[in-house]
Amino acid sequence: MAAGRPGVHVWRNSLLLTFTCQWAGPGETISKTSLGCPAESEGCLFMKGTEMPGESGSELDRLLPEWHFREVHRITVPGTTDQVMKAVRAATWSEAPLARVLVALTRADVSAERRIVSDYLSGMGEVIPAGDDEFLFAGVQSPHDVPRPPGTISEIVTGCHEPGILKVGMNVRFEGGTLSTETRVLATDARTRRSFAPYWWLVRFGSGLTRASMLRAIRRRLVREVGAA
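Being a predicted model, the structure only gives us computed values, none of them experimental.

Caption draft 1: Inspection of the overall build of the protein at higher detail. In terms of helices and strands, the protein carries 6 helices and 10 strands. The buried share among the 229 residues of the protein stands at 52%. Pairs at least 24 apart in sequence give 68% of the contacts found in the protein among residues at least 6 apart. Carbon and sulfur atoms make up 55% of the accessible area of the protein, which amounts to about 10000 Å² in all.

Right, dumping it as structure tokens:
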């Protein structure tokens, strides 16, 4: 995240680069890429003019219950909640070589032993307190260089309705043997939503590869650790 002119909040290496596409591999249940579609609308590719309600019951659902753009990925993993979330926080770029190469294109710091979630992602947004089974981030940005409203990021996400703002909520969550990541983006006005749509489509292939690489890295770590326990 980089600062633009004083009073303006600009993301150059956006969180969204890592969390905006589908990519399924053997043994995975990774869901859809959707542009303004409810979760159950597999293959829906049209932006809706109104917000869509969330249904996950997660802390993300409470932070940003409505969205215009949404992305969900899931993968089956072994282990208890404690084991899984420990692996989520501990996985490093060296364990996800494809993700490392792709994110390096944004000039981000992807040093081999830097942790993907705990260091890289948490440094690009505000970490929101969540349950033991969820790691939650929030961010705000503006494609029109609108000055950032006062308040913390979580306060802006939950309470700001000023035009020109994109609200972003992201999580990594474990539930019932499934590890998932989800991104939601809500625009505060139609112009901002239209401006953001091309970017959402532009980054989705590379970011999907990145996300899948990260999930697989976490699963490999769990297989090693659970097997050795």
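So much for the structure itself; the text now carries on.
Caption draft 2: Looking closely at the packing of helix α2 (residues 81–90) against helix α6 (residues 190–228). In contact at an axis separation of 9 Å, α2 and α6 are set at 130° when each is read in the N-to-C sense. Relative to α6, α2 is oriented oblique. Relative to α6, α2 is oriented so that their crossing is right-handed. Packed against α2, whose contacting residues are Q83, V84, A87, V88 and A90, the element α6 presents I218, R221, L222 and V226 at the interface. Looking at the contact of α2 with α6 residue by residue, the class counts come to 7 nonpolar, 1 polar and 1 charged.

Caption draft 3: Region of interest: the nonpolar core. Residues V88, L179 and I218 are the most contacted members of the largest nonpolar core, which totals 37 residues. Looking at which element gives the most residues to this core, the answer is α6, with 8 residues. Here L179 is in contact with H73, R74, I75, V77, V84, V88, V172, R173, F174, L215 and I218, once residues within four sequence places are set aside. In terms of nonpolar packing, the next biggest core, distinct from the first, is built from 14 residues, L63, L64, I153 and C160 among them.

Caption draft 4: Quick look at the confidence of the model for the protein. Scored by pLDDT, the protein has a mean of 78; 75% of the residues are at 70 or more. Low confidence marks residues 1–50, where pLDDT is under 50. Its contacts with residues over four positions away, or in another chain, come to 163 contacts.

Caption draft 5: Layout of α6. Maximal helix bending in α6 amounts to about 50°, located at R204. The opening residue of α6 is D189, an N-cap whose side-chain oxygen sits 3.2 Å from the backbone nitrogen of R191.

Caption draft 6: Focus on the packing of helix α3 (residues 97–104) against α6. Where α3 contacts α6, the axes come no closer than 7 Å and their chain directions differ by 145°. Crossing geometry of α3 relative to α6 is assigned as left-handed. For the pair formed by α3 and α6, the contact residues are P97, L98, A99, L102 and V103 on the first element and G206, L209, T210, S213 and M214 on the second. Of the residues that constitute the contact of α3 with α6, the class distribution is 7 nonpolar, 3 polar and no charged.

Caption draft 7: Molecular detail of the pattern of salt bridges. Under the definition given, this model contains 9 salt bridges. Between R173 and E175 there is a salt bridge, and its shortest N-O distance comes to 3.5 Å. The exposure class of E175 is partly exposed, given its relative accessible area of 49%. One salt-bridge network, held together by shared partners, links D61, R70, E182 and R184.

Definitions and limits used
Residues numbered from 1 in each chain as written. Predicted model: local features only at pLDDT ≥ 70, side-chain atom pairs only at ≥ 80, totals over all residues. Heavy atoms only, no water. Helix = DSSP H or I, 4+ residues; strand = E, 2+ residues; numbered from the N terminus. Buried < 20%, exposed > 50% of the residue type's maximum accessible area, 1.4 Å probe, protein only. Contact = heavy atoms within 4.5 Å. Areas by Shrake-Rupley, 256 points an atom, 1.4 Å probe, with all protein chains shown as cover. Axes fitted to C-alpha atoms, helices over the stretch in contact; angles between N-to-C directions. Parallel < 35°, antiparallel > 145°, perpendicular 65-115°, else oblique. Left-handed = near helix turned anticlockwise from the far one by under 90°. Nonpolar A, V, L, I, M, F, W, Y, C, P; charged D, E, K, R; others polar. Core = buried A, V, L, I, M, F, W, Y, C linked by side-chain atoms within 4.5 Å. pLDDT = per-residue confidence, 0-100. Bend = angle between axes of the 7 residues up to and from the residue. Polar contact = N/O pair within 3.5 Å; in protein donor to acceptor, adjacent residues only side chain to side chain. Salt bridge = Lys/Arg side-chain N within 4 Å of Asp/Glu carboxyl O.

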